[in-house]
Amino acid sequence: MYFCNFNSSNSIFMAQTKKITSALISVFHKDGLAPIVKKLNELGVVIYSTGGTEKFINDQGIPVIPVENVTDYPSILGGRVKTLHPKVFGGILNRQDNESDVAQMKEFNIPQLDLVIVDLYPFEKTVASGASEQDIIEKIDIGGISLIRAAAKNFKDTLCVSSMEDYQEVLTIITEGNGNTTLDQRKRFAAKSFNVSSHYDSAIFNYFNADHEIAALKVSETKGKVLRYGENPHQKGFFFGEFDAMFNKLHGKELSYNNLLDVDAAVNLMGEFSGEAPTFAILKHNNACGIAQRATLHQAYTDALAGDPVSAFGGILISNTEVDKATSVEIHKLFCEVVIAPSFSEDALEILKGKKNRILLIQKEATLPQTTVRTCLNGALVQEKDHLTDSEENLTAATNNKPSERELEDLLFASKVCKHTKSNTIVLAKGKQLCASGTGQTSRVDALRQAIEKAKSFNFDLQGAVMASDAFFPFPDCVEIADNAGITAVIQPGGSIKDELSVNYCNENGVSMVFTGVRHFKH
C-alpha cells in the first residue's frame, strides 16, 4: 500500500516502500523456493500458483490458491495456456495510485499481486541437448515471459523475481524488511527481469536464424565480470561469457583483459594441433613467438622457447597434452603469465604453483562460438570463423620441383601457425619448429625480412627451412629473398594474376611451392 503523507522525508521513504500481501508463484526450477514460500506464509501473504508449483507449495503444507479459482478457467491446450488472463495480468499491471485502475480492480474482482516469482522454460539447455525441434518449440515460454515483462514494467507496485539465482537475495529482503520492499529494490529486480527476458528472446531468434538468412545481430551474455581494467589502466574492462565452462583455474591472480585476449589466441592456435604429437606454444600479444612439436613435451617446450626466448618473457604458454614434472621444471625458470594444458601432473602442479601470481588453467572440452564479432565504426562486423585448415589433400603443386615428405610436413605445420598470426605475416619453420615469423607488417616483404633477421638473431640455420604466407605473392621478390636465405619450400594461397612470376623463379632456382587456394588473413 502507498502512504500519501509527504510532510517529512520519512513519509517520502514510506511512500516508496510497499508491503507484500499477495504473490503469484509459477516456476520451472523449484530448488531454493521452499524457504521463500515458508517465509511468505509466515508473513501472512496470500499465495496463488499453477500446476507443478502449486503441488510443490501444497507439499510444503502451505495454503495456496489455484490460479484457476481466480480466472474461472482451467489450464488448456496441454498447459500452453494457464495464466494468460485479464484477472492475472490486471492484478500485476494495475497502478495502485490510479483511481480508475483501483475502481476497475473492484468492479471485476481482480486480486492484487504484489510479488511475482516466475522463471522460464530451459530453452537454451534444450537446444544444447540436441533435442528434436518439437521439444525445442515446446520450451518456448509464452505465459512466463509475459508475466515477467508485466511485473517488471509495473515495478512501482510489483516485485518481479525471474531467476532462481535471486532466490536467496529475495529471501533476505523479505525477511529483513518484514515483507516490505523498497522502490529501489523493485526497480533493480525489474532490470534483472528484463535482462532475463531479452536474453531469452535473443536465444530464440538465434535458433531460428541459425543460417543467418536475416541480417540481424543478437548478442546476449548474462554472465559478466568486471576486470581490473581494459587494454590499458585508464580503460574500464569487462568480460562477458562463461569462463568456468572452458577452464578450471587452479592457481594465480585474476586474469586481465590482455591475458584473456592472449588465452583466446592460444586456445585457437593449439586447436590446430589437437590429438597430434606433443606440441607446445608460447604466445605474446596474440602471436606465437615459439612453437614446436616433438616426441616429448619437455623437448617441445625447450624448442618452442628457443624460437624467441626474449619475447617469451611474460608470455602465455599452452600445451596440447598433460604438463609433466620435467617440463614444469623448465617452465618454472621462465616468468610467464599463464600456463594452459588439458591437465597437470601432481608434481608439475606443485612446482608451477611456486610463483603465486602465475595463472594455471586446465582447458575443458567446450563448444566455441562459430562466428566472430567486433565493433566497427558505429556498428559491428560479424563473420564465420576461419575453420579451414590447410591439408595435404587440398594442396596443388605449383612448381616442377615437388616438396619432400619432410618439407611437406613442415609446410603444413607452418601454415597452421601462419593462420593464427597477425597479417601481413610470413612464418619460417624447420623440423616442426617455428624459426621466426614476421607479424603485422604493412608489406609482405617487410614481414619476410623481419622473420629472416629474427631467425638469424637466435642462431637458426634456415638452410632447408620452409616459408608460409597468409596471402599470395604479387611479385617474385619474396621467393627470391627466401631462396637467398636458404628456404627450399613455400606454401601460399596463390591466386595472384602474377603467380607465374613467383612460379618461374622457383622453377629456375629449385624451390618447391604449393598453393592452398585459401587465404588466411588475420586482422
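Residues numbered from 1 in each chain as written. Predicted model: local features only at pLDDT ≥ 70, side-chain atom pairs only at ≥ 80, totals over all residues. Heavy atoms only, no water.

Peer 1: Can you walk me through the overall build of the chain in this structure?
Peer 2: The number of helices and strands found in the chain is 20 helices and 23 strands. Computed over the C-alpha atoms, the radius of gyration of the chain is 31 Å, more than 25% above the 24 Å expected from 2.2 N^0.38 for a compact globule of 523 residues. Judged by the C-alpha coordinates and their principal axes, the chain covers about 95 × 50 × 45 Å. In the chain, which comprises 523 residues, the proportion classed as buried is 46%. Considering only contacts within the chain whose residues lie at least 6 apart along the sequence, 55% involve residues at least 24 apart. On the chain, the mean spot of the 52 positive side-chain charges and the mean spot of the 64 negative ones are 6 Å from each other. (Helix = DSSP H or I, 4+ residues; strand = E, 2+ residues; numbered from the N terminus. Rg over C-alpha atoms; globule rule 2.2 N^0.38 Å. Buried < 20%, exposed > 50% of the residue type's maximum accessible area, 1.4 Å probe, protein only. Contact = heavy atoms within 4.5 Å. Lys, Arg positive; Asp, Glu negative; His and termini not counted. Charge placed at Lys NZ, Arg CZ, Asp CG, Glu CD.)

Peer 1: Is there a simple way to think about helix H11 (residues 183-208) in this case?
Peer 2: For an α-helix the count is 3.6 residues per turn, leaving residues at separations of three or four pointing the same way. Between its first and last C-alpha atoms H11 spans 38 Å; for 26 residues at 1.5 Å apiece the expected length is 38 Å, and the two agree. As for H11, its buried residues are in contact with strand S1 (18-19), helix H7 (123-128), helix H9 (143-153), strand S6 (159-161), helix H10 (167-176) and strand S7 (180-181). (Expected span 1.5 Å × (residues − 1).)

Peer 1: Looking at this model, I keep getting lost on the pattern of salt bridges. Mind explaining?
Peer 2: Where charged atoms from two side chains of opposite charge come close, those side chains can pair. In total, this model carries 18 salt bridges according to the counting rule given. Across the salt bridge formed by Lys333 and Glu330, the nearest N and O atoms sit 3.3 Å from each other. On the basis of relative accessibility, which here comes to 24%, the residue Glu330 falls in the partly exposed class. One salt bridge connects Asp410 with Arg406, and the closest N-O pair in it is separated by 3.0 Å. In this pair, Asp410 and Arg406 are both assigned in helix H17 (residues 405-419), four residues apart and thus about one turn of the helix distant. In this structure Asp410 comes out as buried when scored by relative accessible area, which is 2%. (Salt bridge = Lys/Arg side-chain N within 4 Å of Asp/Glu carboxyl O.)

Peer 1: Could you clarify how one ought to interpret the sheet that holds strand S20 (residues 434-438) in this entry?
Peer 2: Adjacent strands of a sheet form backbone hydrogen bonds with each other and so pair up, either parallel or antiparallel. If you trace the six strands from one edge of the open sheet to the other, you get S18-S23-S22-S21-S19-S20, paired in mixed fashion. At either margin of the open sheet sits one strand with a lone partner, and together these are strand S18 (396-397) and S20. Relative to strand S21 (residues 466-469), strand S19 (residues 426-429) is paired through four bridges, and the arrangement is antiparallel. Across the sheet, the residue bridging to Leu428 is Met467, located in S21. (Pairing = 2+ DSSP bridges.)

Peer 1: Which parts of the structure should I look at to understand the environment of Val226?
Peer 2: Tracing the backbone through its elements, the reader meets Val226 in strand S8 (residues 224-226). Given the relative accessible area of 62%, Val226 is considered exposed. On a C-alpha basis, the gap between Val226 and Ser256 in space is 9.8 Å, while along the polypeptide they are 30 residues apart. Once residues lying within four places of it in the same chain are set aside, the contact partners of Val226 are Gly237 and Phe238.

Peer 1: Explain the packing of aromatic side chains to me, please; I cannot follow it from the model alone.
Peer 2: The geometry of two aromatic rings is summed up by the distance between their centres and the angle between their planes. Applying the stated criterion across every chain yields a total of 10 aromatic pairs. Relative to Tyr207, the ring of Phe123 lies with its centre 5.8 Å away and its plane at 85°, an arrangement referred to as edge-to-face. Taken together, the residues span a long stretch of sequence, with Phe123 in helix H7 and Tyr207 in helix H11 at a distance of 84 residues. On the accessibility criterion, Tyr207 (22% relative accessible area) is partly exposed. (Phe/Tyr/Trp six-rings, centres within 6.5 Å; stacked < 30°, edge-to-face > 60°.)

Peer 1: What should I look at first to understand the pairing of strand S11 (residues 279-284) in this one?
Peer 2: Side-chain positions along a regular strand alternate between the two faces of the sheet. For S11, the tally of buried residues reaches five of six residues, placing the bulk of the element in the interior. One ladder, built from six bridges, connects S11 with strand S12 (residues 287-293); its direction is antiparallel. Bridging across to S12, Thr279 finds its partner in Gln293. The loop that links S11 with its antiparallel partner S12 comprises two residues; one of these, His285, has a positive phi angle of about 50°. As defined by bridge partners, S11 adjoins strand S13 (residues 315-319) across four bridges and the pair is classed as antiparallel.

Peer 1: Explain helix H3 (residues 51-59) to me, please; I cannot follow it from the model alone.
Peer 2: For H3, the complete set of buried residues consists of Thr53, Glu54, Phe56 and Ile57. Angularly, the buried residues of H3 cover 160° about the axis, an arc narrow enough to put them on a single face. What points out from H3, more than 90 degrees from its buried face, is the exposed set Lys55 and Asp59. One or two positions beyond H3, positive phi appears at Gly61, with a value near 75°. (Arc of directions from axis to C-beta.)

Peer 1: How should I be thinking about the side chain of Ser423 in this particular structure?
Peer 2: Relative to the helices and strands, Ser423 is located in the loop between H17 and S19. Of the polar contacts made by the side chain of Ser423, one reaches the side chain of Asp470; its length is 2.4 Å. Within polar-contact distance, the side chain of Ser423 engages the backbone nitrogen of Lys522 at 2.8 Å. The contact partners of Ser423, leaving out residues within four places of it in the chain, are Gly440, Gln441, Asp470, His520, Phe521, Lys522 and His523. (Polar contact = N/O pair within 3.5 Å; in protein donor to acceptor, adjacent residues only side chain to side chain.)

Peer 1: Please clarify how the sheet that holds strand S2 (residues 22-26) should be interpreted in this entry.
Peer 2: What the five strands build is an open sheet, ordered S4-S3-S2-S5-S6; its pairing is parallel. Lying at the two open borders of the sheet, with one neighbouring strand each, are strand S4 (65-66) and S6. Summarising the sheet, S2 and strand S5 (residues 115-118) pair through four bridges and their orientation is parallel. Bridging across to S5, Ala23 finds its partner in Leu115. The strands that H3 touches are S2, strand S3 (46-49) and S4; relative to S3, the one it contacts most, it runs at about 140°. (Axes fitted to C-alpha atoms, helices over the stretch in contact; angles between N-to-C directions.)

Peer 1: Got a minute to help me understand the nonpolar core in this structure?
Peer 2: Across soluble globular proteins, nonpolar side chains have a tendency to be buried as a group. Within the largest apolar cluster, 39 residues are counted, with the highest numbers of intra-cluster contacts made by Phe247, Val263, Ile291, Ile318, Ile340, Leu361 and Val417. Not counting residues up to four positions away in its chain, the partners in contact with Ile340 are Phe247, Val263, Ala266, Ile316, Leu317, Ile318, Ser319, Leu361 and Gln363. (Core = buried A, V, L, I, M, F, W, Y, C linked by side-chain atoms within 4.5 Å.)

Peer 1: Which parts of the structure should I look at to understand the packing of helix H18 (residues 444-457) against helix H19 (residues 477-485)?
Peer 2: In a packed pair of helices, the relevant descriptors are the angle between the two axes and the axis-to-axis distance. Where H18 contacts H19, the two axes come as close as 9 Å, and the packing angle between them is 10°. Relative to H19, H18 is oriented roughly parallel. Listed contacts from H19 to Arg444, Val445, Leu448, Arg449 and Ile452 of H18 are Asp477, Cys478, Ile481, Ala482 and Ala485. Tallied by class, the residues present in the contact of H18 with H19 amount to seven nonpolar, no polar and three charged. (Parallel < 35°, antiparallel > 145°, perpendicular 65-115°, else oblique. Nonpolar A, V, L, I, M, F, W, Y, C, P; charged D, E, K, R; others polar.)

Peer 1: Is there a simple way to think about the pairing of S2 in this case?
Peer 2: Counting buried residues along S2, five of its five residues qualify, which places the element largely inside the surrounding structure. Taking every second residue as pointing to the same face, both faces of S2 are buried, with Ser22, Leu24 and Ser26 on one and Ala23 and Ile25 on the other. The pairing of S2 with S3 spans four bridges and is classified as parallel. Paired with Ser22 across the strands is Val46, a residue of S3. The handedness of the S2 to S3 crossover, carried by helix H2 (residues 34-42), is right-handed. (Right-handed = clockwise from strand over helix to strand, strands pointing away.)

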